[in-house]
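Analysis of the macromolecular model
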Amino acid sequence: MGARRLTFVIGLGVFLAFAGFSLFADVYVDLQWFRNLGYLTVFQTALASRLLTGLAVALATALFILANLLVATRTRPVGFRVLQNVVEEVRLPSNITPFIMAIPAVLGILTGIGASGQWMVIRQFLAATPFGLQDPFFGTDIGFYVFSLPFVSLVYQLAFSILVITAMLVGLYYVLAGAVTWTGRVSMAQAARTHLFLLIAAMLALKAFGYRLAVYNLLYSPRGVAFGASYTDINAQLPALRVLSVIALVAVVLTLLNIRSRGFRWIGTGLAILLVSSVGLGSLYPSFIQQFQVSPDEISKETPYMIENIRHTNLAFGLDRIAERDYPAEVALTLKTLEGAQDTLNNVRLWDPRALKDTFSQLQEIRLYYQFNDVDVGRYNVDGEVRQVFLAAREVNQARIAEAARTWVNLHLKFTHGYGIVMSPASEVSTEGLPVFFIKDIPPRTTGGLVVTRPEVYYGELTGDYVVVNTREPEFDYPLGDSSALTHYEGQGGVRVGSFLNRLFLAVRVGSYRVLLTQAITPDSRVMLHREITDRTAKIAPFLRYDSDPYLVLGDDGRLFWIIDAYTTTDAFPYSEPYRGRFNYIRNSVKVLVDAYHGTVDFYVFDEEDPIVATYRKIFPDLFKPASEMREDLRAHVRYPLDLFLVQAEMLSTYHMRDPGLFYNKEDLWSMPTETYAGEQQPLLPYYVIMTIPGEEEPEFVLILPFTPAQKQNMVGWLAARSDGENYGELMLFRFPKDRLVFGPMQIEARIDQDAFISQQLTLWGQVGSSVIRGNLLVIPINSSLLYIEPLYLQSTGSRIPEFKRIIVAYGDQIVMENDLASALAVLFGEGGPGPTPPGDQDGEDLTLAQLIQRASRAFADAQEASQGGDWAGYGRALEDLRRALEALASLTGETPLITPDEEAVE
């Protein structure tokens, strides 16, 4: 062997050895990681299923190809000289049989590797759970389409691919061996003829089976006006597929008959008939029916199929569970009715989480390396009262650590965790326009009976890299004046280092030799992997979909947890319209609980009726727990998930139309409204509120979203999802009357822009070194009426601390802007009742006493603000407003003001 060849062989050997060792290290560390979490059986089930699937397919593929090649190599006609010449030209050994025999092994391994990724398809087939619902045309349980059809289709595709590859290899061998020659026409030895024709017959038989499978796939047809089998599919494509299946079987018979006869007449006839039929019956005939029978009378022909599409889409997305009610949207609120809605009004959200995140960051990140990734909404019992709050975890963002300090020790041994949380009531603002804190600072300071006993955040949304804890190097815990508080991890998270071999595997896994060489790591040290919570849960259960917004929860014992909503989905639900081409069935069957300190992960089943999660439970009996086993204090914070709500709202915007004629013409399409935020028009996102749902007696935590007609801005209704107690998961749709206008969010935004006083103030604030941020426009249903509420924030151009400035409240035809909600409601409703303020009374002659007092207070506050900002023109306008208000008060009370604003200004 030459030196270059020897070097190549040695290099290849070293590469394969290292790759094999690295792969083994990954598997071994994964095994330890799953064992630490208590999910060793999950890892073993997935690994064994993957290996068995790959091995079975590889073995079947290799044996089938090998058997066919062995049959072929037993034929050595005179023309075998061609193959011998090829051998000599490429300098292969004269005995080429071993090289030919290696081909099945290589192809088997490649096919097995590709098929191993489909292990879940096989496991779902073996553990399939019926849906208890039959499709409308074949009477087959939906479970067949979700679990069995994908498996059968996989087997069909693999078998057909293997047959094609085998036929190509065998045909190539016969050509090289001289058993198939061309001398003006194709000449074949009998053995080669028999062999190749049998393979072609097998492919045709499999094709006949494929046509039968295609019959079931018609229920996913996009051909008609709605997803699913259409008139043409059932009345033209279906018969065509059945006929094609028979023709394919006839072609099988003709192919077998041609084995003993010379030429290719029979097989050619069979293939030609099948080809012509597939074009004529499979394509042209359905197109003809669609064009000349369906299109002229489409609504009549497609109505039965639209009905099935509407019914199955509603079933698949849970829209059939929505309870519908009428909501009058009256202009009938009074102070008395508002007093009965104090639970709702006390929790009206004055803070927009987008603005609040910036405020949290400026006030409570404390150090540069801390970051609030997200602001979550929840409800907590504070001083005996349920309050809506915003909370966020203070995590370490290692990218913010100073470049000079970004050493391996600091990144992986020192800065291992975030620290603490902040919590603010959604409905309170300090006198400076800043949030009031229930929990703040480092170490956490709490009020209202809340406690934080374990503030460390080792697992979160920004914890993307590995860390090593329990080392000789103490961890940074939190800043302490000019020094730092240090700590050692006391939990059970992470893979224990243990022996030198374990340490070597861990070093290979994380790709750092320092893990192996540093003296700081001991056998009792623990390497924390997959600390980012969504990555962590997906590592355990990759077959679930996960919500994009995990949320933080503070337990009654003061520990921090993350809750992640997990979904079971499929794209195989017959007749159901796919959501953006991704899936056409979804259930929020699982809630995942992740301990921010210990890293434990628990999967709780919240929908016992979901057949997909029932199938997963059969496959992984140790993975899922019933919802009843979740701690009560944590379960009280479970909420209806935002992503699912958005999916259902988008589907409902079309599929609330149950009448096929209405659906066909798309006469009543809805859309999700838009709003103005930070000067830009953008979609109005669903929002959580604490409110009393119409018809109920107690306030509850609800996720709501208004709807507007497509291409219009007025509202047609609102959707609510309940989150509390036994009502969790219930959806309610409230429809507005169709005989009158109900203002939509953008119409309210436009009216705000058109209000002379408000628009003037917004312009003024935007000219004195500040930017105005208009927060989330909330539509709050109260006692058959609607309140529109939008908070305003000012943010200095020199800082990113949005400060609450005013609140805008709209009701009926009136819009007011005041310092707080109570003042705005007082101006709107006065002392005596429903009164929308009469328009056009600039001097306030017809206003109530309370309304005039509020107007005077507002003018005085505006004057002070203008004076402090050096805006003397604005100061003059505010004094003029104050003068008018005082004159109106004097006229109303019969008193003469002791001093006018002008006199005060002169003095």
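Residues numbered from 1 in each chain as written. Predicted model: local features only at pLDDT ≥ 70, side-chain atom pairs only at ≥ 80, totals over all residues. Heavy atoms only, no water.

1. Regarding the overall build of the protein
Of the regular secondary structure elements, the protein holds 27 helices and 34 strands. For the protein, the spread of C-alpha atoms along the principal axes amounts to about 130 × 80 × 50 Å. By the burial criterion, 52% of the 907 residues in the protein qualify as buried. A fraction of 66% describes how many contacts in the protein between residues 6 or more apart in sequence connect residues 24 or more apart. Averaging the coordinates of the 74 positive side-chain charges in the protein and doing the same for the 96 negative ones gives two points 17 Å apart. (Helix = DSSP H or I, 4+ residues; strand = E, 2+ residues; numbered from the N terminus. Buried < 20%, exposed > 50% of the residue type's maximum accessible area, 1.4 Å probe, protein only. Contact = heavy atoms within 4.5 Å. Lys, Arg positive; Asp, Glu negative; His and termini not counted. Charge placed at Lys NZ, Arg CZ, Asp CG, Glu CD.)

2. Examining the pattern of salt bridges
On inspection of all chains with the given rule, the structure shows 34 salt bridges. With a shortest N-O distance of 3.1 Å, K539 and D30 are connected by a salt bridge. With a gap of 509 residues between them, K539 in helix α17 (residues 533–540) and D30 in helix α1 (residues 3–37) connect regions that are remote in the sequence. On the basis of relative accessibility, which here comes to 26%, the residue K539 falls in the partly exposed class. Across the pair R722 and E696 runs a salt bridge whose closest N-O atoms are separated by 3.7 Å. (Salt bridge = Lys/Arg side-chain N within 4 Å of Asp/Glu carboxyl O.)

3. Observations regarding the side chain of D358
Within the fold, D358 resides in helix α13 (residues 353–364). Within the structure, the side chain of D358 is placed 2.9 Å from the side chain of R800, a separation counted as a polar contact. Sequence-distant contacts of D358, that is, excluding residues within four places in its chain, are made with Q795, R800 and P802. (Polar contact = N/O pair within 3.5 Å; in protein donor to acceptor, adjacent residues only side chain to side chain.)

4. Overview of the sheet that holds strand β12 (residues 467–469)
Across the sheet, 3 strands lie side by side as β12-β16-β15; this open sheet has antiparallel pairing. Edge strands, defined here as strands with exactly one partner in the open sheet, are β12 and β15 (495–496). By the bridge criterion, 2 bridges tie β15 to strand β16 (residues 526–528) in an arrangement that is antiparallel. Paired with R496 across the strands is R526, a residue of β16. (Pairing = 2+ DSSP bridges.)

5. Details of the nonpolar core
Most often, soluble globular proteins have nonpolar side chains that are buried together. If you look at the biggest cluster of nonpolar residues, it comprises 190 residues, and the most contacted ones within it are F603, L623, F624, L787 and V809. Discounting chain neighbours no more than four positions away, the residues touching F603 are Y39, T537, I540, A541, L544, Y546, V590, K591, V592, L623, F624 and K625. Judged by nonpolar contacts, the second largest core, of 37 residues, contains A177, L196, M203 and A572. (Core = buried A, V, L, I, M, F, W, Y, C linked by side-chain atoms within 4.5 Å.)

6. Describing the environment of S823
Here S823 is to be found in helix α24 (residues 821–829). For the pair S823 and Q760, spaced 63 residues apart in sequence, the C-alpha separation works out to 20 Å.

7. Description of unusual backbone geometry
For the bond running from I442 to P443, omega is -10°, close enough to zero to count as cis. A positive phi angle is found at R580, which is not glycine, with a value near 50°. By the secondary structure assignment, R580 is in the loop between β19 (560–570) and β20 (585–595). The exposed category is assigned to R580, whose relative accessible area is 57%. Although it is not a glycine, K666 adopts a positive phi angle of roughly 50°. Among the secondary structure elements, K666 is positioned in the loop between α21 (660–665) and β23 (670–671). For K666, a relative accessible area of 33% corresponds to the partly exposed category.

8. Here we look at a negative patch on the surface
Among the surface-exposed residues, D343, D383, E385, E697 and E698 lie close enough to one another that they form a single negatively charged patch. Here D383 falls in the exposed class, since its relative accessible area comes to 65%. (Patch = residues over 30% accessible without salt bridge, like charges linked within 9 Å, V, L, I, M, F, W, Y side chains within 5 Å. Areas by Shrake-Rupley, 256 points an atom, 1.4 Å probe, with all protein chains shown as cover.)

9. A closer look at the side chain of H656
By secondary structure assignment, the location of H656 is in the loop between α20 (642–655) and α21. Separated by 3.2 Å, the side chains of H656 and W670 make a polar contact. With residues up to four places along the chain from it excluded, the contact list for H656 reads D668, W670 and R735.

10. Notes on the packing of aromatic side chains
Under the definition given, this model contains 55 aromatic pairs. Consider the rings of Y156 and F160, whose centres lie 6.1 Å apart with planes at 35°: the pair is tilted. A residue pair is termed a helical-turn pair when its members lie 3 or 4 positions apart in one helix, as Y156 and F160 do in helix α6 (residues 142–177) at 4 residues. According to the relative accessible area criterion, Y156 is buried, its value standing at 16%. Here a set of aromatic residues connected by ring pairs shows up, and it is made of F138, F144, Y145, Y216 and Y220. Geometry around Y211 places K207 over its ring, the cationic atom sitting 5.2 Å from the centre. When the ring centre of F663 is taken as origin, the NZ or CZ atom of K666, which lies over that ring, is 4.0 Å away. (Phe/Tyr/Trp six-rings, centres within 6.5 Å; stacked < 30°, edge-to-face > 60°. Lys NZ or Arg CZ within 6 Å of the ring centre and 35° of its normal.)

11. Quick look at helix α9 (residues 265–294)
Helix geometry: α9 is bent most strongly at L284, by close to 30°, with proline P286 lying one to four residues after it. What α9 keeps buried is the set I267, G270, L274, S277, P286, I289, Q290 and V294. Looking at the buried side of α9, the elements it contacts are α7 (190–217), α8 (231–257) and α10 (298–316). (Bend = angle between axes of the 7 residues up to and from the residue.)

12. Observations regarding the confidence of the model for the protein
A residue-level look at the protein finds 91% of positions with pLDDT of 70 or above and a mean pLDDT of 88. When the criterion is pLDDT under 50, residues 831–845 qualifies, and its contacts beyond four places in sequence or with other chains add up to 30 contacts. Note on residues 897–907: pLDDT is under 50 here. Beyond four places in sequence and across chains, it has 10 contacts. (pLDDT = per-residue confidence, 0-100.)

13. Examining a nonpolar patch on the surface
A contiguous nonpolar patch, built from F8, V9, L12, F15 and L16 and spanning about 520 Å² of accessible area, is present on the exposed surface. Residue placement: F8 occurs in helix α1. On the accessibility criterion, F8 (56% relative accessible area) is exposed.

14. Focus: the environment of I401
Mapped onto the fold, I401 is located in the loop between β6 (385–396) and α14 (408–414). As a C-alpha pair, I401 and L368 span 33 residues in sequence and 7.3 Å in three-dimensional space. Once residues lying within four places of it in the same chain are set aside, the contact partners of I401 are Y369, R406, L411 and F415.

15. Some remarks on the pairing of strand β34 (residues 814–818)
Regular strands place their side chains on alternate faces of the sheet. By the criterion of burial, β34 is predominantly enclosed, with 5 of the 5 residues buried. Of the two faces of β34, both are covered, the one formed by Q814, V816 and E818 as well as the one formed by I815 and M817. Pairing between strand β33 (residues 803–811) and β34: 5 bridges, direction antiparallel. If you follow I808 over to β34, its bridge partner there is M817. In sequence, β33 turns back onto β34 through a hairpin of 2 residues, with G812 there showing a positive phi of about 60°.

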